Amino acid sequence: MLLQDILSRKLPPVLPYNFKASDWEAYRQDMIRRFAKHEYGFLPDAPEAVRSETVLTEEKAWAGKAVHSETALSFDTPRGEFSFPVHLVVPYQQQPLPLVIYLSFTPYPAGKYGPIEEIIDQGYALAVIDYQELSKDEDDGFTSGLAAMYDRSQDEGSMWGKISMWAYGASRVMDYVQTLPEIDKRRIYCVGHSRLGKTALWCAVQDTRFAGAGSNCSGCSGVAVTRNKKGELIEDIVTRFPHWFCENYRQYAGAEDKLPFDQHQLVALMAPRPFFVCEAEDDIWCDPESEYMSLYLASEAYHLLGVDGLVGNRDYPPVGRALTAGKLGYRLRGGNHFMSRHDWLMYLQFFNEQAVKK
Ligand code: GTR
């Protein structure tokens, strides 16, 4: 069933013909530049240093189970210092602890998508970034937050859009947590939902300090294969959210076939690291089948590197069956576009299993 669907979409291959594993990293960097140029826009280099100032510490938070702190992170940009807050919740458990850097729609601790207590109960520390502290989620001519700190007057269509800015922020949190002894540096993951699921993937692809990532209901311009997908298409997304992308991406509205890649090739760039996708049955706008196809095809890169990608067959998996045996995992649940507690537990369980297998 899947095979016919794949063939009818005329997708670009994950790997060039006769490709050797020894060329993987060079190819990966090349592909990252291609995705930056045509879709998300190029990120600036990492700053020389990220400074931190803890402005609040709450001992015995979450029923006494964790320390919560708020820290202002700052770094230099072409237009002076930029600063944004990050909230860290570290459970009183044996350290160092694995950490999820969570791109959040809301400030800590509000928000229906972030079940903080369940997360720390699983033995994870959590870093929460309120994404709009990095730059507003608006088509504001790139005048807010981080966007305003860089000159765009020379933009020829490939300067960073907001997804790249949010990804850049998550990497700055990654810089900061490298200094914390309570965190296990080999087990830091990035997770986000929807537009922030797109961001989590793009961030972790570029920043290999992330041991893995989870992308929840990311759909169009996220995990889902773009060519012939159902629901949201490039035209829809660049009309409603032009600011998420670089300007070049707009030329592919209604012209998906001209894209010099497809999203399964982005997922492949995670190889050989673990990557998990949760989707929802009613999330037609995202198109769960096109996400499954993406993982299925991206597995070729994992095989090249000697590990299993998605361990599943050519039929789309039914609701509730979690495919977790390989480094690419997928689970479709009932319900709609949402990041549920159950989704969170799936991500954490998958990351645990993958860490044991290492
Ligand atoms: C939808 C959008 C999707 C998805 C989602 C979100 O309206 O079309 O691409 O990212 O929003 O971020 O909430």
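Details of the structure are given in the entry above.
If you're wondering where the values come from, they're calculated on a predicted model, not measured in any experiment. (Residues numbered from 1 in each chain as written. Predicted model: local features only at pLDDT ≥ 70, side-chain atom pairs only at ≥ 80, totals over all residues. Heavy atoms only, no water.)

### Quick word on the packing of helix α5 (residues 162-177) against helix α6 (residues 195-206)
As a reminder of what qualifies: All axes here are fitted lines through C-alpha atoms, helices being fitted over the stretch that makes contact, and every angle between N-to-C directions spans 0 to 180 degrees. Working definition: helices are DSSP H or I runs of at least four residues, strands are E runs of at least two. Numbering for both runs from the N terminus. Reported orientations rely on four angle classes, namely roughly parallel under 35 degrees, roughly antiparallel over 145, roughly perpendicular from 65 to 115, and oblique for the rest. Should the near helix be turned anticlockwise from the far one by less than a right angle, the crossing is termed left-handed; should it be turned clockwise, right-handed. We call two residues contacting when some pair of their heavy atoms lies within 4.5 Å. Residues are grouped as follows: Ala, Val, Leu, Ile, Met, Phe, Trp, Tyr, Cys and Pro are nonpolar; Asp, Glu, Lys and Arg are charged; every other residue, Gly included, is polar.
Relative orientation of the contacting elements α5 and α6 amounts to 60°, with a least axis distance of 9 Å. Taken together, α5 and α6 sit at an angle that is classed as oblique. Here α5 and α6 pass one another in a crossing that is right-handed. Seen from α5, the contacting residues are I163, S164, W166, A167, A170 and S171; seen from α6, they are R195, L196, K198, T199, W202 and C203. Residue composition of the contact of α5 with α6, grouped by class: 7 nonpolar, 3 polar and 2 charged.

### Observations concerning the site of the ligand
For clarity, the cut-off: Consider each residue's heavy atoms; a residue with any of them within 4 Å of a molecule or strand counts as near. Here a polar contact is recorded for every N or O atom pair within 3.5 Å, except that within protein the pair must consist of a potential hydrogen donor and a potential acceptor, and residues adjacent in sequence are included only if both atoms are side-chain atoms. To measure how exposed things are, a 1.4 Å probe is used in the Shrake-Rupley method; for residues, cover is taken only from the protein chains shown.
In the vicinity of the ligand, the residues found are S194, R195, K198, E232, I237, R240, F241, W244, W285 and H337. One nitrogen or oxygen atom from the side chain of K198 is found 2.8 Å from an oxygen atom belonging to the ligand. The contact in question runs from an oxygen atom of the ligand to an N or O atom on the side chain of W285, over 2.9 Å. Within the complex, the protein chains bury 87% of what would otherwise be the 320 Å² of accessible surface of the ligand. Counting only elements with at least two residues in the shell around the ligand, the list comes to α6 and α7 (234-240). Residues that form the shell around the ligand fall into these classes: 4 nonpolar, 2 polar and 4 charged.

### A look at the sheet that holds strand β7 (residues 212-216)
Strand pairing in a sheet relies on backbone hydrogen bonds, with the paired strands running either antiparallel or parallel. Note the threshold: DSSP bridges decide pairing: two strands pair if at least two such bridges lie between them.
Ordered in space as β1-β2-β3-β5-β4-β6-β7-β8-β10-β9, the 10 strands form an open sheet in which the pairing is mixed. The open sheet has two free edges, formed respectively by β1 (51-60) and β9 (322-323), since each of these has just one partner strand. Two elements, strand β8 (residues 275-280) and strand β10 (residues 328-333), share 6 bridges in a ladder whose sense is parallel. Its bridge partner being in β10, E279 is matched across the sheet by L332.

### Quick notes on the packing of aromatic side chains
In plain terms, the rule: For this analysis, a ring pair means two rings from Phe, Tyr or Trp (six-membered ring only for Trp) whose centres lie within 6.5 Å, classed as stacked if their planes differ by under 30 degrees, edge-to-face if by over 60, and tilted for the remaining angles. A ring is scored as having a charge over it whenever the NZ atom of a lysine or the CZ atom of an arginine sits within 6 Å of its centre and within 35 degrees of its normal.
As enumerated under the stated definition, the model contains 26 aromatic pairs in all. The aromatic ring of Y92 is capped on one face by K60, whose charged end is 5.3 Å from the ring centroid. The aromatic ring of Y168 is capped on one face by R172, whose charged end is 4.4 Å from the ring centroid.

### Here's the deal with α5
Here is the rule: Residue count minus one, scaled by 1.5 Å, sets the expected span of a helix. For every residue, the accessible area (1.4 Å probe, protein chains only) is compared with the maximum for its type, and the residue is labelled buried under 20%, exposed over 50%, or partly exposed between those bounds.
For α5, built from 16 residues, the straight-helix expectation of 22 Å at 1.5 Å per residue is met to within 8% by its first-to-last C-alpha distance of 23 Å. The buried count for α5 comes to 16 of 16 residues, which makes it a mostly enclosed element.

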